[in-house]
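# What the coordinates show
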Amino acid sequence: MGPFGNFALSFSIISVLSGCMTLFGFGLITGGPAVMLWGWVFVGLMVLAVGAALAEVTSAYPVSGALYFMASKLGGPHWGYVTGWFNLLGLLGGMAGGCYGSALFIGALLNLQWGWAPTPENTMVIFGAILLLLAVVNLFGVRLVSVLNSISVWWHVTGVTVIVGTLVLVPAHHQPADFVFGEFSNRTGWNNPLYVGLLGLLLAQYTFSGYDASAHLSEETKHAQVSAARGIVRSIFWSWVVGFVLLAGMLFAIQDYAGTVGTATGVPPAQIFLDALGTNAAKVLLLVIIVAQLFCANAGLASASRMVFAFSRDNALPFSRTWRRLSLRTKTPVAAVWLSVVVPFCLALPSLYSATAYTAITSINVIGITPAYAIPIYLRLRAGKHFTRGPWHLGSWSKPIGWTAVIWVGFVTVLFCLPAVSPVTVDTFNYAPLALLSVLLLAAVLWVTRGRRSYGIPEYGTAKEREQMGQDLV
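Residues numbered from 1 in each chain as written. Predicted model: local features only at pLDDT ≥ 70, side-chain atom pairs only at ≥ 80, totals over all residues. Heavy atoms only, no water.

### Section: the overall build of the protein chain
What counts is decided by this rule: Secondary structure elements are defined from DSSP: runs of H or I of at least 4 residues count as helices, runs of E of at least 2 residues count as strands, and each element is numbered from the N terminus. C-alpha atoms define the radius of gyration in this analysis, and the globule rule sets the expected value at 2.2 Å times the number of residues to the power 0.38. The buried label applies to any residue whose accessible area, calculated with a 1.4 Å probe on protein chains only, is under 20% of its type's maximum; exposed applies above 50%, and partly exposed to all values in between. The contact rule is simple, with two residues in contact once any of their heavy atoms fall within 4.5 Å. In this charge count, Lys and Arg are treated as positive and Asp and Glu as negative; neither His nor the chain ends contribute. For this purpose, a charge sits on NZ of Lys, CZ of Arg, CG of Asp or CD of Glu.
Scanning the protein chain from N- to C-terminus turns up 22 helices and two strands. Here the C-alpha atoms of the protein chain give a radius of gyration of 21 Å, agreeing with the 23 Å that 2.2 N^0.38 yields for 474 residues. Projected onto the principal axes, the alpha-carbon positions of the protein chain cover approximately 65 × 45 × 45 Å. Here the protein chain holds 474 residues, and 62% of them are scored as buried. For the protein chain, long-range pairs separated by at least 24 residues make up 84% of all intrachain contacts whose partners lie at least 6 apart in sequence. Both charge centroids of the protein chain, one from 24 positive and one from 15 negative side chains, sit 13 Å from each other.

Printed below as a string of structure tokens:
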């Protein structure tokens, strides 16, 4: 990959047309327009701090293992082992959330076209088909993935332009500015508006995830010490800008707030398009979003499978010999790709029985991957002068930006373990903390039984390769 391909990967995984749209309905009930827009601005700023701090460490350690490799180098094997499991949970949770969100939108399109009922069972069938399709595409190799990611960038930018432009020019009625920037809506059952507003930050925090993909694909990127670091920061910044425009355009175009929240399609953005533009235009714009979501999920699978491969290469996973095998023809980790679609399918199974399971799936992504971002940043801060910077660094801003990132990650990790809907019942329970505890328990058991003997500080490349990179990574 070149620098643009690396940036395109993370931009595609962040995917404002995926995260913003799939959680749009959640945002409407957890604070409404005011929280959705101002929360986007605030969370984007915090994530930019996290991304910049992570990019600095990535410049020093541009390796496929990425976060867990950095933690191993800076804190020792036990830190790397825990970070790797956090990262793996977050990436697989992101795959589940992204692909299930795509299935919801495809179900809405089929509902408009043929009256097809978007039941949980039907959505699960579409979800499985999407995972199968993406696995096949990824098995063709990284060059195809890179080409699709480059197309994805322009699809996202053009798609947002078309959607917002259409919603601005066509509808006869638009919401006033005080509604878009100041309307607060609480339909969660909780009475505390502060708590509800904080819950509403999930829309933005979930969307701003996966940018570590630039680091995971660094071994397949030219001049990775600079290209991968810049890919992380640029993908966050441009997603921040484009996402704000998209959310504002959608909120201005709402015709019936209650009807949008309770839409029969199951997808509030689809109802906005129907009310504002009519059926035919709604179908076209839904198709634009669906294609963008599939681009996002495809890039996510590339990142997750490389994480599985790298972690297995360092003997950190059970059956590591299987997951680290490469195709002789494409050099793609075939078994790792299949594992990276089977686990997300299992994570989404509770959606057959729980009305709020999708919120839990997206929370799994956040509470898994954000601690994995913070651990290497914290260890870099702890290392102080002993940390050898790469060519891309923050200079004197390293400490203030780094500590801001660590504190923010700690806050959102706790926040999204809390229940989103009241009263808390079997159907509304947030099972994301259970997934987190299960993975941590599994990691602890595996560390005691085999990890501390089989997993050491990973090495990267030959001495000649490390010399060409400009510094010794061992």
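### A word on the layout of surface pockets
This is how it is decided: Definitions used for this entry: grid spacing 1 Å over protein atoms alone; cavity, a set of points where a 1.4 Å probe fits but cannot get out; pocket, an open set with protein on both sides within 12 Å along at least 5 of 7 lines; lining residue, one with an atom within 4 Å of a point. Grid points are joined across faces, edges and corners, and a volume is the space filled by probe spheres set on the points. Note on residue categories: nonpolar means Ala, Val, Leu, Ile, Met, Phe, Trp, Tyr, Cys or Pro, charged means Asp, Glu, Lys or Arg, and polar means any other residue, Gly included.
For the largest pocket, the calculated volume is near 800 Å³. At the level of elements, helix H2 (16-22), helix H3 (24-29), helix H6 (77-114), helix H7 (120-138) and helix H19 (357-383) are the ones that each hand at least two residues to the lining of the largest pocket. Broken down by element, the residue count for the lining of the largest pocket peaks at five residues, all from H19. Of the residues belonging to the lining of the largest pocket, the class tally is 25 nonpolar, 14 polar and no charged.

### Structural notes on a nonpolar patch on the surface
This is how it is decided: For patches, a residue must show more than 30% relative accessible area and have no salt bridge; joins then use 9 Å for like charges and 5 Å for nonpolar side chains, namely Val, Leu, Ile, Met, Phe, Trp and Tyr. Here the accessible surface of atoms and residues is derived via Shrake-Rupley with a 1.4 Å probe, and residues count as covered only by protein chains that are part of the display. Just to be clear on terms, a salt bridge is a Lys or Arg side-chain nitrogen sitting within 4 Å of an Asp or Glu carboxyl oxygen.
Together, Val-82, Val-424, Phe-429, Leu-434, Leu-437 and Leu-440 give the surface a local cluster of nonpolar side chains, amounting to about 490 Å² of exposed area. In terms of residue count, the dominant contributor to the nonpolar patch is helix H21 (residues 432-454) (three residues). By the secondary structure assignment, Leu-437 is in helix H21.

### Quick look at empty space enclosed by the protein
Within this structure, the stated rule accounts for two cavities of 30 Å³ or more. In this structure, the largest cavity occupies an estimated 210 Å³ of space. Together, 20 residues line the largest cavity, and Ile-13, Gly-94, Met-95, Ser-209 and Cys-296 are the ones closest to its centre. Those elements giving two or more residues to the lining of the largest cavity turn out to be helix H1 (3-14), H2, H6, helix H11 (202-207), helix H16 (279-313) and H19. Ranked by residue count, the leading element in the lining of the largest cavity is H6, at six residues. Class assignment of the residues belonging to the lining of the largest cavity gives a composition of nine nonpolar, 11 polar and no charged. Of the volumes computed, that of the second largest cavity is approximately 40 Å³. Contributing to the lining of the second largest cavity are Val-47, Val-50, Gln-205, Tyr-211, Thr-370, Tyr-373, Trp-408 and Val-409.

### Considering the packing of aromatic side chains
The cut-off we apply is this: Only the six-membered ring of Trp is used, alongside the rings of Phe and Tyr, when aromatic pairs are assigned; centres must lie within 6.5 Å, and planes under 30 degrees apart are stacked while those over 60 apart are edge-to-face, with the rest tilted.
For the structure on display, the rule yields 26 aromatic pairs. Geometrically, the ring pair formed by Trp-408 and Phe-411 is tilted, given 5.7 Å between the ring centres and 40 degrees between the ring planes. Note that Trp-408 and Phe-411 are positioned in helix H20 (residues 398-415) at a spacing of three residues, about one turn of the helix. Looking at Phe-411, the relative accessible area reads 35%, which means it is partly exposed. One aromatic cluster in this structure is built from Tyr-68, Tyr-81, Trp-85, Phe-311 and Trp-447.

### Describing the side chain of Ser-305
We count it as follows: Polar contact is defined as a pair of N or O atoms within 3.5 Å, subject to the rule that within protein one atom must be able to donate a hydrogen and the other to accept it, and that residues adjacent in sequence are counted only when both atoms are side-chain atoms.
The residue Ser-305 is located in helix H16 in this model. Here Arg-306 takes part through its side chain, which lies 3.2 Å from a polar atom of the side chain of Ser-305. Setting aside residues up to four positions removed in sequence, Ser-305 forms contacts with Pro-333, Ala-336, Val-337 and Ser-340.

### Comments concerning the packing of helix H4 (residues 32-60) against helix H13 (residues 224-252)
Counted only if it meets this: Fitted lines through C-alpha atoms give the axes, limited to the stretch in contact for helices. The angle between two N-to-C directions lies from 0 to 180 degrees. An angle counts as roughly parallel when it lies under 35 degrees, as roughly antiparallel when it exceeds 145, as roughly perpendicular when it falls between 65 and 115, and as oblique in every other case.
Closest axis-to-axis distance for the H4/H13 pair is 8 Å, and the angle between their directions is 175 degrees. Accordingly, the angle class assigned to the pair H4 and H13 is roughly antiparallel. Of the residues assigned to the contact of H4 with H13, the class counts are 21 nonpolar, seven polar and no charged.

### Re the confidence of the model for the protein chain
Counted only if it meets this: A residue's pLDDT is the predictor's confidence in that residue, given on a scale from 0 to 100.
Of all residues in the protein chain, 96% attain a pLDDT of 70 or more, and the chain-wide mean is 88. Every residue in residues 461-474 is under pLDDT 50, and counting partners more than four places away or in other chains gives 24 contacts.

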